[in-house]
Amino acid sequence: GPEDDPSGGLDQHTVCRRVLEVARVMLESLERHRTETEQDVHCRIGIAVGTVVSGVLGRLQPRFHIFGRGVRAAEKLEQTGTRDCVHACDGFVEAVAADPAPRAADELPR
């Protein structure tokens with residue numbers, strides 16, 4: 001049902017745009033931190049779309065974990081990426097670029 005929808009009912013384009021905005025804010029925050037503290041801190045961000053399973057595992061020290069193809073793809077993008085950049089899979093880029101409200105052919109720009 002709707003309560004099981006992790007996107008909160010949002011379309012894939014909107015969810016992906018929000019994830020991209022979080023990545024942008026992260027990079028801007030690190031840049032500001034470097035300027036204010038003169039600490040040489042950097043990051044690489046990998047973003048992918050795909051299936052995942054998540055949950056809390058452990059009794060003594062419960063921890064949130066996430067597993068799946070989407071996680072492995074994002075990890076690989078991050079590991080092979082350039083510092084202070086966002087690296088995204090083709091599916092994510094296509095979702096960000098997609099028009100969230102397809103129009104009739106006679107409404108398309110010419």
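The residue count restarts for each chain, going from 1 along the sequence in the order it is written. Note on the predicted model: pLDDT of at least 70 is required for a residue's local features to be given, and 80 or more for side-chain atom pairs to be given and counted; whole-chain, interface and lining totals, by contrast, use all residues. Remark: hydrogens and water are excluded; side-chain values derive from all non-hydrogen atoms of the structure.

Attention shifts here to the nonpolar core. Residues Cys-16, Ala-23, Leu-27, Leu-30, Cys-43, Ile-45, Ile-47, Cys-89, Phe-92, Ala-95 and Val-96 constitute the largest nonpolar core, which totals eleven residues. Where this core is concerned, the elements lending two or more residues are helix H1 (12–37), strand S1 (45–47) and helix H3 (90–97). Put simply, DSSP marks the helices as runs of H or I at least four residues long and the strands as runs of E at least two long, and each gets a number from the N terminus on. A total of four residues in this core trace back to one element, the largest contributor, which is H1. For this analysis, residues touch if any pair of their heavy atoms sits within 4.5 Å. Contacts of Ala-95, omitting those with residues within four sequence positions, involve Gln-12, His-13 and Cys-16. The term nonpolar core refers to a set of buried residues drawn from Ala, Val, Leu, Ile, Met, Phe, Trp, Tyr and Cys, joined through side-chain atoms within 4.5 Å. Residue burial is assigned from relative accessible area. The probe radius is 1.4 Å, only protein chains are included, and a residue is buried under 20% of its type maximum, exposed over 50%, and partly exposed in between.

What follows covers H3. Taken residue by residue, H3 has Phe-92, Ala-95 and Val-96 as its buried positions. Down the axis of H3, the buried set is contained in an arc of 100 degrees. They therefore lie on one face. When the buried face of H3 is taken as reference, the exposed residues oriented beyond 90 degrees from it are Asp-90, Glu-94 and Ala-97. In this structure, the buried side of H3 is in contact with H1, S1 and strand S4 (86–88). The arc in question is traced by the directions running from the helix axis to the C-beta atoms.

This brings us to the packing of H1 against H3. Helix-helix packing: each pair is described by the crossing angle between the helix axes and the interaxial distance. In contact at an axis separation of 8 Å, H1 and H3 are set at 110 degrees when each is read in the N-to-C sense. Between H1 and H3, the interaxial angle falls into the category roughly perpendicular. Each of Gln-12, His-13, Cys-16, Arg-17, Val-19 and Leu-20 in H1 lies in contact with H3, whose residues at this interface are Phe-92, Ala-95 and Val-96. Three classes are used: nonpolar for Ala, Val, Leu, Ile, Met, Phe, Trp, Tyr, Cys and Pro, charged for Asp, Glu, Lys and Arg, and polar for all others, with Gly counted as polar. Across the contact of H1 with H3, the residue classes tally to six nonpolar, two polar and one charged. Here an axis means a line fitted to C-alpha atoms, over the contact stretch when the element is a helix, while the angle between two N-to-C directions is reported on a 0 to 180 degree scale. Put simply, angles under 35 degrees are roughly parallel, angles over 145 are roughly antiparallel, angles from 65 to 115 are roughly perpendicular, and the rest are oblique.

To continue, consider the confidence of the model for the protein. The pLDDT value tells you how sure the predictor is about a given residue, anywhere from 0 up to 100. Summarising the model, the protein shows a mean pLDDT of 88, and 83% of its residues fall at 70 or more. Within the protein, H3 has the poorest average pLDDT of any element, 94, and S1 the best, 97.

Turning our eyes to something else, we now look at the pattern of salt bridges. What counts as a salt bridge is simple: a side-chain nitrogen of Lys or Arg found within 4 Å of a carboxyl oxygen of Asp or Glu. In total, this model carries five salt bridges according to the counting rule given. Close ionic contact of Glu-28 with Arg-24 constitutes a salt bridge, the shortest N to O distance being 2.4 Å. Of the two residues, Glu-28 and Arg-24 both sit in helix H1, four residues apart, roughly one turn of that helix. Owing to a relative accessible area of 40%, Glu-28 belongs among the partly exposed residues under this scheme. Accessibility expressed as a relative area gives 37% for Arg-24, which makes it partly exposed. A single network of salt bridges, built from pairs that share partners, joins Glu-21, Arg-24 and Glu-28.

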